[in-house]
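Letter by letter, the chains look like this.
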Amino acid sequence: GAGVSQSPSNKVTEKGKDVELRCDPISGHTALYWYRQSLGQGLEFLIYFQGNSAPDKSGLPSDRFSAERTGGSVSTLTIQRTQQEDSAVYLCASSLVSSLTEAFFGQGTRLTVV
Amino acid sequence: GENVEQHPSTLSVQEGDSAVIKCTYSDSASNYFPWYKQELGKRPQLIIDIRSNVGEKKDQRIAVTLNKTAKHFSLHITETQPEDSAVYFCAAPDTGNQFYFGTGTSLTVIP
């Protein structure tokens, strides 16, 4: 595709259920990032992938959060036993491996835990 | 890793005035400094960036300046218009290409 694609766009789930968010980066982009943005807030770093490996998982809020990336392409962010405080927009971004290129963002997944 | 700080967190200006947003970073090896604009309900999008081999870059009403010695860079918007109202984020990648974002500046341009 032409840009970073995230699915679903919106997700409403019941507290305690597991959810899986998907990110399709731009073809050829080896770096992939997940951020969380609560209403009116900044970009909270969650995890960064270089290829299939995650050099930095320090931003994952708890052990309920996990992420993987396969084939150096699609990434999934899984939240287990969702809590109301997990409600936010989850943004994915990708960039080329070079450090002199921009990160392109997907449109985000708006997660609401009820 | 990198530590990016951004100021101010909110900024209100009259239409036609200038707006300046400043960011500092900690990793002296950082060499790329993008600025993103996020309109309400939309994704962040790049508006301007600067590489470390230049001190200033301008694109119509927006400009970015970089001071590598002091490790800070700034976004300048001149002749502000209501459509400039948005949240602006600065960023700096570390040597491993991980992007670190500032906390954002909410700019309001008052007509």
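In short, a report on the structure.

Parameters at a glance
Residues numbered from 1 in each chain as written. Chains lettered and ligands numbered in written order. Predicted model: local features only at pLDDT ≥ 70, side-chain atom pairs only at ≥ 80, totals over all residues. Heavy atoms only, no water. Helix = DSSP H or I, 4+ residues; strand = E, 2+ residues; numbered from the N terminus. Salt bridge = Lys/Arg side-chain N within 4 Å of Asp/Glu carboxyl O. Buried < 20%, exposed > 50% of the residue type's maximum accessible area, 1.4 Å probe, protein only. Pairing = 2+ DSSP bridges. Axes fitted to C-alpha atoms, helices over the stretch in contact; angles between N-to-C directions. 1 Å grid on protein atoms, 1.4 Å probe; cavity = no way out; pocket = protein on both sides within 12 Å on 5 of 7 lines; lining within 4 Å. Points joined across faces, edges and corners; volume = space filled by probe spheres on them. Nonpolar A, V, L, I, M, F, W, Y, C, P; charged D, E, K, R; others polar.

**Topic: unusual backbone geometry**
Here comes step 1: The step from A:S7 to A:P8 runs through a cis peptide bond, and the omega angle for that step is -5°.
Here comes step 2: Structurally, A:P8 can be placed in the loop between β1 (5–7) and β2 (10–13).
Here comes step 3: Going from B:H7 to B:P8, the amide bond is cis rather than trans, its omega being -5°.
Here comes step 4: With respect to the helices, strands and loops of the structure, B:P8 is situated in the loop between β1 (5–7) and β2 (10–14).
Here comes step 5: A positive phi is found at B:K71, a non-glycine position, where the angle reads about 55°.
Here comes step 6: Among the secondary structure elements, B:K71 is positioned in the loop between β7 (62–67) and β8 (72–77).
Here comes step 7: Unlike most non-glycine residues, B:E79 shows phi in positive territory, near 45°.

**A closer look at the pattern of salt bridges**
Here comes step 1: This structure, assessed with the given rule, holds nine salt bridges over all chains.
Here comes step 2: Residues A:E44 and A:R36 are paired through a salt bridge, measuring 3.0 Å at the closest nitrogen-oxygen approach.
Here comes step 3: By relative accessible area, A:E44 is classed as partly exposed at 32%.
Here comes step 4: The buried category is assigned to A:R36, whose relative accessible area is 10%.
Here comes step 5: Note that B:D49 is salt-bridged to B:R51, the shortest N-O span being 3.0 Å.
Here comes step 6: Here the residues in one salt-bridge network are B:K37, B:E39 and B:K42, joined through shared partners.

**Considering the sheet that holds strand β7 (residues 65–69) of chain A**
All names here are of chain A.
Here comes step 1: Judged by pairing direction, the sheet is antiparallel, and its four strands sit side by side in the order β1-β3-β8-β7 without closing on themselves. Taken across any chain shown, the strands that pair with only one partner, and hence form the sheet edges, are β1 and β7. With direction set aside, neighbouring strand axes in the sheet form an average angle of 15°.
Here comes step 2: Relative to strand β8 (residues 75–79), strand β3 (residues 19–24) runs antiparallel, the two sharing five bridges. Bridge pairing links L21 to L77 in β8.

**Concerning the layout of surface pockets**
Here comes step 1: Here the largest pocket defines a volume of roughly 620 Å³.
Here comes step 2: As for the largest pocket, its lining consists of 31 residues, of which A:Q37, A:G40, B:Q38, B:L40 and B:G41 are closest to the centre.
Here comes step 3: Put simply, the parts of the chain that give the lining of the largest pocket at least two residues each are β9 (88–95) and β11 (109–113) of chain A together with β9 (86–93) and β11 (105–110) of chain B.
Here comes step 4: Class assignment of the residues belonging to the lining of the largest pocket gives a composition of nine nonpolar, 18 polar and four charged.
Here comes step 5: One number sums up the size of the second largest pocket: a volume of about 190 Å³.
Here comes step 6: Lining the second largest pocket are 13 residues, and of these A:L43, A:F45, B:Y100, B:F101 and B:G102 sit closest to its centre.
Here comes step 7: The set of elements that each furnish at least two residues to the lining of the second largest pocket consists of β5 (44–50) of chain A together with β10 (99–101) of chain B.
Here comes step 8: A per-element tally of the lining of the second largest pocket places β10(B) first, with three residues.
Here comes step 9: Class assignment of the residues belonging to the lining of the second largest pocket gives a composition of seven nonpolar, four polar and two charged.

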